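Now for the letters of each chain:
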Amino acid sequence: MTAPQYIGRFAPSPSGELHFGSLIAALGSFLQARACHGQWLVRIEDIDPPREVPGAADTILRQLEHYGLQWDGDVLWQSQRRQAYCEALDWLRDQHLSYYCTCPRSRIQQIGGFYDGHCRTLNHGSENAAMRLVQQHPVLSFEDKLRGRLVADEQLAREDFIIHRRDGLFAYNLAVVVDDNFQGVTEIVRGADLIEPTVRQISLYQQFGWRVPQYVHLPLAVNEQGNKLSKQNHAPALPQGDPRPVLIHALAFLNQPLIAHWQDLSPESLLNEAVKNWALSDVPDTAAMNTSFSNAPH
Ligand code: GLU
Ligand code: ZN
């Protein structure tokens, strides 16, 4: 059997413009896909309207183009994928792998923060209820191509996690697995902030009987206080001017060799050089790394 063609992706949520931290995830997944002669897809994860900022999705796509990060094919919008999520939820229900839960958050906090399966056999209706997965195949560890075997918190791995929210929104873990499978993604390269939910996502692949992709979790860019760069802690949007110094800074963050004479190259040629040089094994396997970039954009 021949290995499937490499398909990677970048899947931003349109909760704000791209900043240096999100550029790391975009650039790392792009370089890995291109170095593997694969496709690089972009998916806008716009299924959480309360967290969305009007216009952010379009801004993100313009920022990617400005930084020379050209994706393959059409952008997939999660807001267009409701039917696929409903079908996945219907299938789980038909397999008796889901149930409604009406427990208030305060009760779960009282028992230590992890859900205990209280409603599994209570046959609640859908009204004012979240839907949870019957966790039959907990995944206790997984192989990260950069970090080796990562062991999960056992309570997290065993939890009947939420697949459809009480407020009617589809859960991130459900949507991301349904879509990565739909798009044929073979390897997921993203930030280390998403290490935790990975075992839940793998358990969903197993429940559905789908091929599990490979995983790479890149170091997270944090500010001087050690907080992830985000809109909440005022990470500046990527500069609109010359993208090249920022790309060079991002390549240095990923511990890739300096590109000679990059000042003479277009962003596209600079990225082509970066693809030729790309060495995943040189990317630091720390969880989080400080970057002066959060406070001092060029
Ligand atoms: N949309 C998620 C985020 O922006 C990323 C999803 C993923 O890469 O799995 O944090
Ligand atoms: Zn419950």
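> Give me the lowdown on the environment of Ala26, citing residues and values where you can.
Residue placement: Ala26 occurs in helix 1 (residues 20–35). In this structure Ala26 comes out as buried when scored by relative accessible area, which is 0%. In sequence terms Ala26 and Leu220 are 194 residues apart; their C-alpha atoms lie 12 Å from each other. When sequence neighbours within four positions are dropped, the list of residues in contact with Ala26 reads Phe10, Trp40, Leu64 and Leu69.

> Describe the site of ligand 1, listing the residues and the values that go with them.
Every residue close to ligand 1 is listed here: Arg9, Ala11, Pro12, Ser13, Glu45, Tyr172, Val176, Arg190 and Leu194. Within the backbone of Ala11, one N or O atom sits 2.7 Å away from a nitrogen atom of ligand 1. Residue Glu45 places a side-chain N or O atom 2.6 Å away from a nitrogen atom belonging to ligand 1. Contact with the protein chains removes 79% of the 300 Å² of surface that ligand 1 exposes when unbound.

> Can you break down the coordination of the zinc ion (ligand 2) residue by residue, with the values?
Every protein donor of the zinc ion (ligand 2) is listed here as Cys101 (SG), Cys103 (SG), Tyr115 (OH) and Cys119 (SG), and their distances to the metal cover 2.1 to 2.3 Å. Seen from the zinc ion (ligand 2), its 4 donor atoms lie at angles of 100 to 121°, and the figure they make is tetrahedral. Ordering the donors of the zinc ion (ligand 2) by residue number gives the pattern C-x1-C-x11-Y-x3-C. With Cys101 in strand 4 (residues 98–101) and Tyr115 in the loop between helix 4 (105–110) and strand 5 (130–133), the pair connects residues that are 14 residues apart, well separated along the chain. Across this residue pair, the class does not change: Cys101 and Tyr115 are buried.

> Before we move on, can you summarise the nonpolar core with the specific residues and values?
Formed by 48 residues in total, the largest nonpolar core has its most connected members in Leu27, Trp40, Leu64 and Leu69. Of all elements in the fold, only helix 1, strand 2 (39–44), helix 2 (56–66), strand 10 (214–218), helix 8 (244–253) and helix 9 (267–277) reach the threshold of two or more residues within this core. Per element, the largest residue contribution to this core is 9 residues, and it comes from helix 1. Sequence-distant contacts of Leu27, defined by excluding residues within four places in its chain, comprise Leu69, Leu247, Ala250, Leu251, Leu254 and Leu271. In this structure, Ile7, Leu204, Tyr205 and Tyr215 belong to the second largest nonpolar core, which totals 33 residues.

> How would you summarise the pattern of salt bridges if you had to cite specific residues and measurements?
Taken as a whole and assessed by the stated rule, the structure comprises 19 salt bridges. Here Glu143 makes a salt bridge to Arg149, at a shortest N to O gap of 3.2 Å. Overall, the relative accessible area of 45% leaves Glu143 in the partly exposed class. For Asp167, the salt bridge is made with Arg165, and the minimal N-O distance between the two is 2.7 Å. With a relative accessible area of 28%, Arg165 lands in the partly exposed category. Residues participating in the shared-partner salt-bridge network are Arg9, Arg43, Glu45, Arg81, Asp179 and Asp180.

> An account of the confidence of the model for the chain is requested, with residue identities and associated values reported.
With 97% of its residues at a pLDDT of 70 or more, the chain has an overall mean of 94. The low-confidence segment residues 294–298 (pLDDT under 50) makes 9 contacts with residues lying over four places distant or belonging to another chain.

> Quick rundown of unusual backbone geometry? Include the residues and the values.
Positive phi outside glycine occurs at Asn255, with the angle close to 60°. Take Asn255: it is sitting in the loop between helix 8 and helix 9. Despite not being glycine, His261 shows a phi value in the positive range, around 55°. Along the polypeptide, His261 turns up in the loop between helix 8 and helix 9. Looking at His261, the relative accessible area reads 58%, which means it is exposed.

> Lay out the sheet that holds strand 1 (residues 7–10) with the relevant residues and their values.
Read from one edge to the other, the open sheet built from 3 strands follows the order 1-2-3, with strand pairing classed as parallel. At either end of the open sheet lies a strand with only one pairing partner, and these are strand 1 and strand 3 (76–77). Where strand 1 lies against strand 2, 4 bridges are found, and the strand directions are parallel. Each residue of the ladder has a partner; that of Gly8, found in strand 2, is Trp40. Strand contacts of helix 1: strand 1 and strand 2, with the helix running at about 150° to strand 2, the strand carrying the most contacts.

> Describe the packing of helix 1 against helix 9, with residues and values.
For the pair helix 1 and helix 9, interaxial distance at closest approach is 9 Å and the crossing angle is 65°. Put simply, helix 1 runs roughly perpendicular to helix 9. In the packing of helix 1 onto helix 9, the handedness of the crossing is right-handed. Taken together, the residues of helix 9 that come into contact with helix 1 (itself represented by Leu27, Phe30, Leu31, Arg34 and Ala35) are Leu271, Ala274 and Val275. For the contact of helix 1 with helix 9, the class distribution of residues is 7 nonpolar, no polar and 1 charged.

Reading the values: the criteria
- Residues numbered from 1 in each chain as written.
- Chains lettered and ligands numbered in written order.
- Predicted model: local features only at pLDDT ≥ 70, side-chain atom pairs only at ≥ 80, totals over all residues.
- Heavy atoms only, no water.
- Helix = DSSP H or I, 4+ residues; strand = E, 2+ residues; numbered from the N terminus.
- Buried < 20%, exposed > 50% of the residue type's maximum accessible area, 1.4 Å probe, protein only.
- Contact = heavy atoms within 4.5 Å.
- Near = heavy atom within 4 Å.
- Polar contact = N/O pair within 3.5 Å; in protein donor to acceptor, adjacent residues only side chain to side chain.
- Areas by Shrake-Rupley, 256 points an atom, 1.4 Å probe, with all protein chains shown as cover.
- Donors = N, O, S within 2.8 Å, 3.2 Å for Na, K, Ca; no water.
- Tetrahedral: all angles 85-135°; square planar, octahedral: opposite > 155°, others 65-115°.
- Core = buried A, V, L, I, M, F, W, Y, C linked by side-chain atoms within 4.5 Å.
- Salt bridge = Lys/Arg side-chain N within 4 Å of Asp/Glu carboxyl O.
- pLDDT = per-residue confidence, 0-100.
- Pairing = 2+ DSSP bridges.
- Axes fitted to C-alpha atoms, helices over the stretch in contact; angles between N-to-C directions.
- Parallel < 35°, antiparallel > 145°, perpendicular 65-115°, else oblique.
- Left-handed = near helix turned anticlockwise from the far one by under 90°.
- Nonpolar A, V, L, I, M, F, W, Y, C, P; charged D, E, K, R; others polar.

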